[in-house]
Amino acid sequence: MPDSYELLTELCPGFDYGNRSLCCDAAQLRTLKGSLQVPLQLLSRCPSCFFNLMNLFCELTCSPDQSQFMNSTKFSGPNVVEVQYYVGKTFANAMYNACQDVQLPSTNMKALSILCGKDAKDCNATNWIQYMFTSFIAVSGYTPMNNKTYACTEGLEDGSGPCSCQDCVNACGPKPVPPSPTPPWTVFGVDAMYFIMWASYSVFLLIFVGVVLGTWLHATCCETLGERFENLLRVLFSCWGSFCVRHPLSVILGCLVLVTAASVGLVYMRITTDPVELWSSPSSQARQEKDYFDEHFGPFYRTTQLIITTPINKTFIYSPYFGGANVPFKAILFNDILHQVLDLQLAIEGLVATDKGQNVTLQDICLAPLAPDNNNCTILSILNYFQNSHSVLDHSVGDEFYVYADYHSHFLYCVSAPASLNDTTLLHDPCLGTFGGPVFPWLALGGYDDTNYNNATALVITFPLKNYLNDSDKLDKVLAWEKEYNYSNPNLTISFNTERSIEDEINRESNSDISTIVVSYVIMFIYISLSLGHIQSFSRLMVDSKISLGIAGIFIVLASVSSSLGIFSYAGIPLTLIVIEVIPFLVLAVGVDNIFIIVQMYQRDERLPHEELHQQIGRILGDIAPSILLSSFSETLVFFLGALSNMPAVRTFSLFAGLAVFIDFLLQISCFVSLLGMDAKRQEENRLDVCWCVKLPERYEVKTDGFLFRFFKKVYAPFILKEWVRPVVVAVFVGMLSFSIAVVNKVEIGLDQKLSMPDDSYVLDYFNNLSEYLHTGAPVYFVVEDGLNYSSLEGQNSVCGGVGCDNNSLVQLVYSRTLCIFYQCSCQIILMSSVEKGDQSFILIQNNLILYFCVFWVLIPLSSCFSSSGHAAYATAVDLYPDNTGVGATYFMSYHSILKDSPDFIKALKMARTLANNISQSIDHKVFAYSVFYVFYEQYLTIAHDTALNLGVSLLDIFVVTTVLLGFELWSAVIVTITIAMILVNMFGVMWLWGISLNAVSLVNLVMSCGISVEFCSHIVRAFSISVKKNRVERAEEALAHMGSSVFSGITLTKFGGILILALSKSQIFQVFYFRMYLAIVLLGATHGLIFLPVLLSYLGWLKKHSCADHMITLSEIAISIRKKWIFQLQCNLEKNSTHLICLLQCVYFYL
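All figures in this text were calculated on a predicted structure; none of them were measured in a lab.

Turning next to unusual backbone geometry. Most of the time, phi is negative for any residue but glycine, and the peptide bond is trans. The backbone phi angle of Asp450 is positive, close to 50 degrees, even though this residue is not glycine. With phi around 65 degrees, His610 is a residue other than glycine that occupies positive phi space. Positionally, His610 belongs in the loop between helix H23 (577–604) and helix H24 (613–642).

What follows is about the nonpolar core. Phe653 and Met1008 are the most contacted members of the largest nonpolar core, which has 178 residues in total. Of the residues forming this core, the biggest block, 21 residues, is contributed by helix H39 (residues 1068–1100). The residues touching Met1008, leaving out its near neighbours within four places in the chain, are Val582, Phe585, Leu586, Phe639, Phe653, Tyr1078 and Ile1081. One finds Met109, Ile114, Ala456 and Tyr781 within the second-largest nonpolar core, a separate group that totals 121 residues.

Working note: regular strand, side chains alternate between the two faces of the sheet. In this sheet, strand E2 (residues 79–85) lies alongside strand E1 (residues 70–76) in antiparallel orientation, the contact comprising 6 bridges. For Ser76, the partnering residue across the bridge sits in E2 and is Asn79.

The next point concerns the pattern of salt bridges. Per the counting criterion, the structure on display carries 16 salt bridges. Between Arg302 and Glu482 there is a salt bridge, with the nearest N and O atoms lying 2.9 Å from each other. Of this pair, Arg302 sits in strand E8 (residues 302–309) while Glu482 sits in helix H18 (residues 472–483), and the two are 180 residues apart along the sequence. We note a salt bridge from Glu938 to Arg913, for which the minimum N-O separation is 2.9 Å. With Glu938 in the loop between helix H34 (934–937) and helix H35 (943–965) and Arg913 in helix H33 (residues 902–923), this pair connects stretches of sequence that are 25 residues apart. In terms of burial, Glu938 and Arg913 fall into one category: buried. Ionic contacts of the salt-bridge type, sharing partners, join the residues Lys356, Asp473 and Asp476 into one network.

Bringing the state of the cysteines into the picture now. Evaluated as defined, the whole model comprises 8 disulfides. Two residues, Cys152 and Cys168, share a disulfide whose sulfurs are 2.0 Å apart. Residues Cys152 and Cys168 share a disulfide whose torsion about the S-S bond is about 50 degrees; that sign makes it right-handed. Taken together, the residues span a long stretch of sequence, with Cys152 in the loop between helix H7 (125–132) and strand E5 (186–187) and Cys168 in the loop between H7 and E5 at a distance of 16 residues. A sulfur-sulfur distance of 2.0 Å marks the disulfide that ties Cys366 to Cys377. Since a negative S-S torsion denotes a left-handed disulfide, the Cys366-Cys377 link at about -75 degrees is left-handed. Taken as a pair, Cys366 in the loop between helix H14 (362–365) and helix H15 (390–393) and Cys377 in the loop between H14 and H15 lie far apart in primary sequence, 11 residues in all. Here Cys366 matches Cys377 in class, with each residue buried.

A separate point is the confidence of the model for the protein chain. Mean pLDDT over the protein chain stands at 78; residues scoring 70 or higher make up 80%. Across residues 214–223, confidence stays below pLDDT 50; counting only partners more than four residues off in sequence or on other chains, it has 13 contacts. Counted against residues more than four places away or in other chains, residues 1105–1152, with its pLDDT under 50, gives 56 contacts.

Here we come to the packing of aromatic side chains. Using the criterion set out here, one finds 37 aromatic pairs in the structure. Aromatic pair Phe719 and Trp724: ring centres 6.0 Å apart, planes at 80 degrees, arrangement edge-to-face. With relative accessibility at 56%, the residue Trp724 sits in the exposed group. The ring of Tyr1099 is capped by Arg726, whose NZ or CZ atom sits 4.5 Å from the centre of that ring.

Following the sequence through the fold, Arg45 ends up in the loop between helix H3 (37–43) and helix H4 (47–62). What makes Arg45 buried here is its relative accessible area of 6%. Within the structure, Arg45 has its side chain in polar contact with the backbone oxygen of Gln103 (distance 3.3 Å). Of the polar contacts made by the side chain of Arg45, one reaches the side chain of Asp167; its length is 2.9 Å.

Next up on the list: the packing of helix H5 (residues 89–99) against H7. Running from N to C, H5 and H7 point in directions that differ by 95 degrees, and their axes come no closer than 9 Å. One finds that H5 runs roughly perpendicular with respect to H7. Residues Ala92, Asn93, Met95, Tyr96 and Cys99 of H5 form the contact with H7, whose participating residues are Ala125, Trp128, Ile129 and Met132. Its residues assigned to classes, the contact of H5 with H7 shows 8 nonpolar, 1 polar and no charged.

Criteria and cut-off values
Think of each chain on its own: its residues are numbered from 1, step by step along the sequence as written. The predicted origin of the model limits local features to residues at a pLDDT of at least 70 and limits the giving and counting of side-chain atom pairs to 80 or more, whereas totals for whole chains, interfaces and linings rest on all residues. With hydrogens and water excluded, all non-hydrogen atoms of the structure serve as input to the side-chain values. Only DSSP runs of H or I reaching four residues or more are called helices, and only runs of E reaching two or more are called strands; each is numbered from the N terminus. In this description, a nonpolar core means a group of buried Ala, Val, Leu, Ile, Met, Phe, Trp, Tyr and Cys residues linked to one another through side-chain atoms lying within 4.5 Å. Residue exposure (1.4 Å probe, protein chains only): buried if accessible area is under 20% of the type maximum, exposed if over 50%, otherwise partly exposed. We call two residues in contact whenever any of their non-hydrogen atoms come within 4.5 Å of each other. Each pair of strands is called paired provided DSSP finds at least two bridges between the two strands. Throughout this description, the term salt bridge denotes a Lys or Arg side-chain nitrogen within 4 Å of a carboxyl oxygen of Asp or Glu. Cysteine sulfur atoms are paired as a disulfide whenever they come within 2.5 Å of each other. For every residue, the predictor reports its confidence as pLDDT, a number between 0 and 100. Planes of paired rings set the category: under 30 degrees apart is stacked, over 60 is edge-to-face and the rest tilted, where pairs are Phe, Tyr or Trp rings (Trp by its six-membered ring) whose centres lie within 6.5 Å. In our convention, an over-ring charge means Lys NZ or Arg CZ found within 6 Å of a ring centre and within 35 degrees of that ring's normal. In the analysis that follows, any N or O atom pair within 3.5 Å is treated as a polar contact, provided that within protein one partner can donate a hydrogen and the other can accept it, and provided that, for residues neighboring in sequence, both atoms belong to side chains. Here an axis means a line fitted to C-alpha atoms, over the contact stretch when the element is a helix, while the angle between two N-to-C directions is reported on a 0 to 180 degree scale. Throughout, the term roughly parallel applies to angles under 35 degrees, roughly antiparallel to angles over 145, roughly perpendicular to angles from 65 to 115, and oblique to all others. Three categories are distinguished: nonpolar for Ala, Val, Leu, Ile, Met, Phe, Trp, Tyr, Cys and Pro, charged for Asp, Glu, Lys and Arg, and polar for the others, with Gly belonging to the last.

Pasting the structure below:
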């Protein structure tokens, strides 16, 4: 019959027996076709495998030579019920060899895992035949069927090509040899950086000692443009300071109005907590790729996950009834434990949350890939092997003597064939999850070795939830349900994490640390208020104290911070937690230092004859304001240049910090100077501090220097600058520098996510268990951008993984390249993986392609069309053009291997991008790799470069500003820059010693340390520069005595007390990145500024000789004395001038 012949040629291509009669009819052929649908669909990817398998069954059904290899053994009337089919071992082995590597991409496993009744790695030719038939025995008297077979590397006679590399290992050719890891850089068996720096340090010591013993540097005296510029600044600030003291209310009111106007912008303040917005620039590659993925496929699903262990430490030995080795089962797989876990899982499924008065259940928000045909939620749990049912879990087959099959045998079968619809045990229960997809054991089990899943010590239950990009109402429902997610069980150890857990814990951490931060600032405020005053005697305690002035100075610092925040809030720039936590600390450090310098310079100064208070403060401000301008302007530019960073968190911090420091400088030289004048008048009138209305009787007191100033002047400075101490100081600090350079490349890059959690956070347990138990990392998607022509053979073959596909196609490259060691090497294949291609000329043209996709996507996995059903695995993987007119972007999914720490994540990102670039070049089309964590770890690919750039630009800025504001003293600017560079390099040494990694948070602190270091150095260098002492040592001693005590009592002691409190914080990130780094900044800044810098100046400081003779007063002192007299004579005439501007112009004109 024609239809029978067509059916025969369809099922048994190549079987042509001429005119001979066959041993089958049309009914038998139809039965054969129906019985072999699943194996044919699973194996048809490989033509030779398909041909060999059909050879086996076609010979069994239709061969006219059946008597040679078949023996009928059981009959039922005229019907044959049982036969013995003798298959030759050569044929069986060849058939197995051709099929053993055929993949089932939608389940990420080999086809034989389903067709052999056990895991593919345990399958062989014998037990495959035994699985399909009853037994496999050797016989005599018959000729076994040994038809011709085709290896998977061979093409068929009908023109079909060999199997693809993915389905035939032998077709792949030799694998590329993975590059050997770069050997460590050593010299004579010692780390090269250690060797180089110790050698350099030794050479430096030799040269330094030689220079100290043999030569002295000298400089000539000359009047430069820089001196004129410096004196101009002195005159301008002197006149300005006098004006502020004479008109305090006007100045204070003006400052208050401006600060209020700027601070009103806080009503527009927005705080960004979205980690993507914080750490990933909108223009970065990872951010653009994420946006592309979200736009075409929707945002990555939200993950809610439990990791469950048990304190019970027992093992049950399971003995299979039908033979086989004993199998140990750990306690977590005991039946009673599984029932408790199932109760927990069902309770979570039944959890009800409330959002805006509406109930929210898991069914409302879960991922259901087969909806609307199957609305069951995706739950990746081994309990899905038992259909999430207590009765199925207890299902067993046996009698009163033996149990033939129970949950043990079903578990062992399902971990080998998780997509099976019917296990081969007597239970005949399905393994496929209730949601219509397989549950891979490496996703649902943890703590096992190799693939011995029965040794698992942890269960992993994952609930993928829907995510929404621009629908806040739907997202709020998901958030509400996640918030309710919390369970415990006395017999189980449960660690869990929801998508919102980290953000919730960070917010809780921030709230809990408020008290610590407040205590830290209160301590600094109290110290500032009490230590500003210089108490002459106990009777004048409340007169000489400056509590009110200290509080006013603190409010000025806070006003500068609020003004900066308000101005940028006007501009719509959102704040970050880093800005809120770090900038007050920074501005307080800068502001307090300047406050102490101004106040202590006034306390130590003697008013000249016929000089009024406003003239005295103006003169003092003229002396010290250029130094304050130098430090503040340098810091402002350092931070503004830091805004060049691509990292949003660093850029935002730099903008806010730069403006806050600049506003603080303006308020200090205006508002604070006016307040100082008012406080000085109060003190001269013997009025009490705080209670200005109370006045003490007039009493003469001898003015004395403070203890700290006397200590620095009489003890500390002379000791540090002794002849034998100075070389020791240089040797020690250069040794510290050499060590830090040697380890700078060893500072770890990244941020351990555990550090972001409080010490008592439940998420820490989850992170620990994640590293200990899980065996699979995050999904990774290889996204093929829109534009590839899938309607052409070339377009299809460039991405597919089956027969006829290019050897360098996307799937082949992901599957076979050495880079795949970082992935589970099977990818979900979207295109052509399930299409039966009879010959090389088979092309899915445009219309048929779309038709195939439409059918492919709507089919759900059933026994009749399992491998051709794409709805579950690929429903979101293809972005069709409008009206289904073509195929746009697509993705191919795989998994990263387990990633435990930052280096793992960074390396995985690098390798994924390398592989994606190779694929793009191979198929001549843009392909990129995307995973949910890439946007957070991309910054670490360039963090070293960004750090070097930020700090290098900051140092250059400091050098330029210092050169100009020190009167174009180039050498002094070099010394400041070198000292600050040493502080920064030593910061890296501390980071390595203290286990502080390099990331955006530590980069912010490094930029801040660069700015704060200016405070430790610039004042002392300028004091050295304007000193009129006759040699470097005396100048350095004077600068250290006068400015060192202010720097020590100001920025050093103030910050030291506040920093120590941060050690009590529960937040690990506070302890590591704030307490440790802040402490290092202050200690390194203080030691370099108060120990190393004076010594360096005593050796290399720029020396301008002013003396006419050793015992005569210097010309500079005479000039300064005359200039002061003339300037303040003009200031006395200010009252006669109509405006301050006229006086200012007179001062400048007269001086020039």
